[in-house]
Amino acid sequence: MTTRAKDGARSQRTLCIDIGGTGLKTMIVSASGKPLSERVRIETPRPATPRAICAALLAVIPERTRFDRVSVGFPGVVADGVTRTAPNLHPAWKGFGLATWVLRSTGRPTRVLNDAGVQGHGVVQGLGTEICVTLGTGFGFSLFVNGHYVPNVEFGHHPFRKGMSYEELLGDAALKRRGKRKWNATLAAAVAQLQDTFNFRALYLGGGNARKVEFKLPRNVKLVDNVAGLLGGVKLWERD
Ligand code: BGC
């Protein structure tokens, strides 16, 4: 890469979009991870079909001269920019060309990845097995090995206890239904289970409900700011 191209990469501004079960968030971020705009948040429209969400996004996507590329975190399986599942949005997302839609709407190169994957990109250090769990509407999970992302490991839907999945026991609906104390006890058990299963070097807990964590975390488990879900969007452009 020539120096000029490197400088070019350094000045790229990324519009980071996080599509969540309850909120749609956007922020423009510099290549070094500095916020270049306010973080904008609007409610996720319901029913959360591709049509409704795309219409809502059009209202919050800034003027295209303000950014050079776009990263999108999506709450489901994404392969080659096409969404495959969206358990907390709507079945109509199966087979939706989200990357193509964003590219056409903004005229900017676009990368779309699972939301927990984007968040993980924002926090991992690149050593050994690292896991990022997002505690929000759903239970997001991403796995990194020596900094390499293993795509679409949907661990949140793996059975955990009493025939219920991690998401059924630790998603936002479960927190509201079971209360903070039980939710914390189950989360502590889940962290221990993940440690025994993956032998991770580090586990990062993010997402809006990470602030509800009230037990003492093991030394290799850290709470991370939800804004990593947006900042990770810049890192997507640093890989291959
Ligand atoms: C989805 C994941 C997503 C998580 C958090 C789960 O229901 O299956 O893909 O990362 O929710 O949004």
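Residues numbered from 1 in each chain as written. Predicted model: local features only at pLDDT ≥ 70, side-chain atom pairs only at ≥ 80, totals over all residues. Heavy atoms only, no water.

## Points about the overall build of the chain
Step number 1: Secondary structure summary: the chain contains eight helices and 15 strands in total.
Step number 2: Across the 240 residues of the chain, 49% fall into the buried class.
Step number 3: Taking the contacts inside the chain whose residues are at least 6 apart along the sequence as the reference set, 59% of them involve residues at least 24 apart.
Step number 4: Carbon and sulfur atoms provide 52% of the accessible area of the chain, an area that totals close to 11800 Å². (Helix = DSSP H or I, 4+ residues; strand = E, 2+ residues; numbered from the N terminus. Buried < 20%, exposed > 50% of the residue type's maximum accessible area, 1.4 Å probe, protein only. Contact = heavy atoms within 4.5 Å. Areas by Shrake-Rupley, 256 points an atom, 1.4 Å probe, with all protein chains shown as cover.)

## Details of the sheet that holds strand S9 (residues 129–135)
Two orientations exist for strands paired in a sheet by backbone hydrogen bonds: parallel and antiparallel.
Step number 1: Read across the sheet, five strands follow the order S11-S10-S9-S14-S15 without closing on themselves; strand pairing throughout is mixed. Edge positions in the sheet fall to strand S11 (148–150) and strand S15 (221–223), since each of these pairs with one other strand and no more. Averaged over neighbouring strand pairs, the angle between their axes works out to 25° when direction is ignored.
Step number 2: Inspection of the sheet shows S9 paired to strand S10 (residues 139–145) by seven bridges, in the antiparallel sense. Paired with Thr134 across the strands is Gly140, a residue of S10.
Step number 3: Those strands touched by helix H4 (residues 115–123) are S9, S10, S11 and strand S14 (202–206), and its axis lies near 50° from that of S10.
Step number 4: Seen against the sheet, helix H7 (residues 180–198) touches S9, S10, S14 and S15 and runs at an angle of roughly 160° to S9. (Pairing = 2+ DSSP bridges. Axes fitted to C-alpha atoms, helices over the stretch in contact; angles between N-to-C directions.)

## Re the side chain of Thr106
Step number 1: Here Thr106 shows up in helix H3 (residues 98–106).
Step number 2: One polar contact links the side chain of Thr106 to the main-chain amide nitrogen of Arg108, over a distance of 3.1 Å.
Step number 3: Not counting residues within four places of it along the chain, the set of residues in contact with Thr106 comprises Ile61, Arg64, Phe67 and Val70. (Polar contact = N/O pair within 3.5 Å; in protein donor to acceptor, adjacent residues only side chain to side chain.)

## As for the domain arrangement of the chain
Step number 1: The domain architecture assigned to the chain consists of domain 1 (3–118) and domain 2 (125–223).
Step number 2: Each partner contributes to the interface: domain 1 provides twelve residues, whereas domain 2 provides 13 residues.
Step number 3: Taking both partners together, domain 1 and domain 2 bury about 880 Å²; carbon and sulfur atoms supply 52% of that area.
Step number 4: When the buried surface of domain 1 facing domain 2 is broken down by residue, Val77, Asn88 and Ala116 rank first, second and third, together holding 45% of it. (Domains from an automatic or database assignment. Buried area = accessible area lost by both parts, 1.4 Å probe.)

## Focus: the sheet that holds strand S7 (residues 96–97)
Step number 1: The three strands lie next to each other as S5-S6-S7, forming an open sheet whose pairing is antiparallel. Strands at the two margins of the open sheet, each flanked by one partner only, are strand S5 (78–79) and S7.
Step number 2: Relative to S7, strand S6 (residues 82–83) runs antiparallel, the two being bridged by two bridges. Directly across from Val82, in S7, lies its bridge partner Gly97.

## Describing H7
Step number 1: Between the first and last C-alpha of H7 there are 26 Å, a value that for 19 residues agrees with the 27 Å anticipated at 1.5 Å per step.
Step number 2: Taken residue by residue, H7 has Trp183, Asn184, Thr186, Leu187, Ala190, Val191, Leu194 and Phe198 as its buried positions. Angular distribution of buried residues about the axis of H7 spans 165°; they occupy a single face of the element. Facing away from the buried side of H7 by over 90 degrees, the exposed positions are Arg181 and Asp196.
Step number 3: Within two residues after H7, Asn199 carries a phi angle of roughly 50°, on the positive side. (Expected span 1.5 Å × (residues − 1). Arc of directions from axis to C-beta.)

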